[in-house]
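The primary structure of each chain is shown beneath.
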Amino acid sequence: MESEIKSFLHEENLGNEYLSDLRNFEQELSEQWCMYLKNVIDPIQQLREDLKYRQHHSPQHSHSHTEFNSVKVLEEVDFVKKQLKAVFEGLSLEQQKFENDLSDYSIKILDHYSEERSNLLSELPTELEALECPYPDLKSSIFKEFSNFTEKYQKKLHEFDLQLEDIYRNFQLSEEDHWIYQSVLDQYSGDLCGRRTLYLDMLQRYFPHKSRHALVEHEKCCHQYRLSREQRRILISNWNKSRRDFIQKAVLTLAEACATYEMENAWAKDRKKQQKLCADLKAKVLQWRAQQEEVAKLEMEISARRREKEEEKEKLWKRKELLQREEKKKKIRKYWAKKEQNWQEMEMRDLRRLEELKKLMAEQSAKDRERVNYRQQLLEKRLMEKKETALQEAHEEEEREKRLEALRKQVAIVAQFDPVRMMSDTMASKARMGIGIEEEFILQKPLFTLNTYNEQQIISDPRLRFELALREAGLHKTFYAKEILPKISPQKPPRKDMESTVFKI
């Protein structure tokens, strides 16, 4: 129904009031749709984006002082759902009312449109009836021709109407289902890739009781219906154009007939005057012809004299041109001879230069080969030195290992097996029990003297404190700890005499 109304809106109408009302109603609906988007859809989208933002950012800021109040959000969502439910109920009532009004309007438009078309096709144009014609046979033939081509258009229009009725009876869907079908098709634009597959899948969701074959058949019927509607519209537009052209041609024909009739009457009156004028004009023409012949003879004589002068001038110019050409040829020969001599001199000079360059290049290539051989000998010498150095370092490493092994053997612990000594008391335990000690044991004096750092000195070292902090944080095995710990310097730099030289041997 909506597509039919739109097609009638775009057709060339005859000025009825229903079409103008529908246009105003369409503009009002578009304004209300924009207001609905602004007042209903935009707040919902804003609420949806706000919920997404809160859901995304609430876990990130949980350690700060922000919390996600889910109860308030749920209350707000329920309130919006209630508002939307009330809005949708009102919209459904308005939709039902608008559908009823549109059906009434469409019926009135179709009835009024068909009545106007039938009246226009059956009635004679008032423009032709109001005109006067001095020839009655011409006016009757014009009316007959108009009725003949109108009958042809009436037959074709009746055939299209019957074809539309047959196609409409073959629709697989009801009016309401067809409206849903058309709405689904309007959702997919014509330039969308895979449009037919998409809207057929959506239609199967809307009409699960219908098979895909039935939907395809309904699609074919709709396509045929639109094609027939378009052909009917083209037929009506062609009929309007042909009617206007026919009326225009008929008006021009009748106007020409009236003008011809008046001209015939005026011609009969002016015929006698024209005969007199023809006699006077004939005498004047004979006199003019004699004058023209005399003028032509004089012009021929003058043109012949001028032609002779021009021929003499052309001969003189040709002679001068031949002399100039001969002089130019001589100059050109001299120029090319001089040019050839210069070319030969340049070629000889270039050949001498080429031989010199070849000699220089041969000498340079010999020098380059000598330099390459010298550089190759130096490279081989460096490689031999590197090999000797590597062998010497390996020999020194072996000597160092031997010295280290001799030192290890010197400081190795050599103890004999003595179970009695192992099970007997030590000097410290005897001293603690007072066995074999004559002097009195002093409790205030320490047993052994310690030459080392105390606990306070060890803890005051920044390297130990930084390592303990990394260990507590679980970062003591990371790459950062390995990189930063060697860079921390102690409070006091070590003495130079305390530096170990064992690994430098």
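Right, let's talk about the overall build of the chain for a bit. Of regular secondary structure, the chain possesses 13 helices and 0 strands. Ordered by position from the N terminus, the helices and strands of the chain form the series α-α-α-α-α-α-α-α-α-α-α-α-α. Sequence-distant contacts in the chain: of pairs separated by 6 or more residues, those separated by 24 or more amount to 67%. By element, 56% of the accessible surface of the chain is carried by carbon and sulfur atoms, the whole surface being about 43700 Å².

On to the nonpolar core, then. By size, the foremost hydrophobic cluster in this structure holds 16 residues, and its most contacted members are F171, Y199, L200 and L203. Of all elements in the fold, only α5 (136-169), α6 (175-186), α7 (195-206) and α8 (212-410) reach the threshold of two or more residues within this core. The dominant element in this core, judged by the number of residues it contributes, is α8, at 5 residues. Once residues lying within four places of it in the same chain are set aside, the contact partners of F171 are H178, H218, C221, C222 and Y225. Counting 13 residues, the second largest nonpolar core, distinct from the first, contains I142, F146, F149 and F160.

Low-pLDDT stretches of the model should not have their predicted coordinates read in fine detail. A residue-level look at the chain finds 80% of positions with pLDDT of 70 or above and a mean pLDDT of 77. Here helix α1 (residues 2-10) stands out as the least confident element of the chain, with mean pLDDT 52; helix α12 (residues 462-473) is the most confident, with 90.

On the surface, a nonpolar cluster with roughly 560 Å² of combined accessible area is contributed by I332, Y335, W336, W343 and M346. Taking the relative accessible area as the measure of exposure, I332 reaches 45% and is therefore partly exposed.

So, on to α7. Relative to the 16 Å expected for 12 residues at 1.5 Å per residue, α7 spans 17 Å between its end C-alpha atoms, a close match to the ideal helical length. For α7, the set of buried residues is Y199, L200 and L203. The buried residues of α7 occupy one face: seen down the axis, they fall within an arc of 105 degrees. The secondary structure elements touched by the buried residues of α7 are α6 and α8.

Here we take up the packing of aromatic side chains. For the structure shown, the criterion picks out 2 aromatic pairs. Three or more aromatic residues link up through ring pairs in this structure, and these residues are Y335, W336 and W343.

Taken N-terminus to C-terminus, the directions of α6 and α7 make an angle of 145 degrees; their axes are 10 Å apart at the nearest point. Along this stretch, α6 crosses α7, giving a crossing that reads as right-handed. Side by side, α6 and α7 meet where I180, Y181, V184 and L185 of the first sit next to R195, Y199, M202, L203 and Y206 of the second. Along the lines of polarity and charge, the residues of the contact of α6 with α7 split into 8 nonpolar, no polar and 1 charged.

What follows deals with the environment of I142. Here I142 is to be found in helix α5. What makes I142 buried here is its relative accessible area of 10%. Between the alpha carbons of I142 and T253 there is a distance of 9.4 Å; along the sequence they are 111 residues apart.

This brings us to the packing of α7 against α8. Relative orientation of the contacting elements α7 and α8 amounts to 120 degrees, with a least axis distance of 10 Å. In terms of axis orientation, α7 runs oblique to α8. Here α7 runs over α8; the crossing is right-handed. Here R196, Y199, L200, D201, L203 and Q204 of α7 come into contact with α8, specifically with R212, L215, V216 and E219. Its residues assigned to classes, the contact of α7 with α8 shows 5 nonpolar, 1 polar and 4 charged.

Here R400 lies in helix α8. By relative accessible area, R400 is classed as buried at 17%. At 2.8 Å, the side chain of R400 forms a polar contact with the side chain of E397.

The next thing to look at is the pattern of salt bridges. All chains considered together, the criterion is met by 9 salt bridges. A salt bridge links R408 to E405, with the nearest nitrogen and oxygen atoms 3.1 Å apart. Linking R408 with E405, this pair stays in helix α8, spanning 3 residues, or about one helical turn. With a relative accessible area of 39%, E405 lands in the partly exposed category.

Before going further, it helps to spend a moment on a positive patch on the surface. Taken together, the side chains of K328, K329, K330, K331, R333 and K334 present a region of like positive charge at the surface. With respect to the helices and strands, K328 occurs in helix α8.

To continue, consider the environment of Y206. Within the fold, Y206 resides in helix α7. Residues Y206 and D177, spaced 29 residues apart in sequence, show a C-alpha to C-alpha distance of 9.1 Å. Ignoring anything within four residues of it in the chain, the contact list for Y206 reads I180 and V184.

On to a negative patch on the surface, then. On the surface, a cluster of negative charge is made up of E308, E310, E311 and E312. Locating E308 in the fold gives a position in helix α8.

About the cut-offs
Residues numbered from 1 in each chain as written. Predicted model: local features only at pLDDT ≥ 70, side-chain atom pairs only at ≥ 80, totals over all residues. Heavy atoms only, no water. Helix = DSSP H or I, 4+ residues; strand = E, 2+ residues; numbered from the N terminus. Contact = heavy atoms within 4.5 Å. Areas by Shrake-Rupley, 256 points an atom, 1.4 Å probe, with all protein chains shown as cover. Core = buried A, V, L, I, M, F, W, Y, C linked by side-chain atoms within 4.5 Å. Buried < 20%, exposed > 50% of the residue type's maximum accessible area, 1.4 Å probe, protein only. pLDDT = per-residue confidence, 0-100. Patch = residues over 30% accessible without salt bridge, like charges linked within 9 Å, V, L, I, M, F, W, Y side chains within 5 Å. Salt bridge = Lys/Arg side-chain N within 4 Å of Asp/Glu carboxyl O. Expected span 1.5 Å × (residues − 1). Arc of directions from axis to C-beta. Phe/Tyr/Trp six-rings, centres within 6.5 Å; stacked < 30°, edge-to-face > 60°. Axes fitted to C-alpha atoms, helices over the stretch in contact; angles between N-to-C directions. Left-handed = near helix turned anticlockwise from the far one by under 90°. Nonpolar A, V, L, I, M, F, W, Y, C, P; charged D, E, K, R; others polar. Parallel < 35°, antiparallel > 145°, perpendicular 65-115°, else oblique. Polar contact = N/O pair within 3.5 Å; in protein donor to acceptor, adjacent residues only side chain to side chain. Lys, Arg positive; Asp, Glu negative; His and termini not counted. Charge placed at Lys NZ, Arg CZ, Asp CG, Glu CD.

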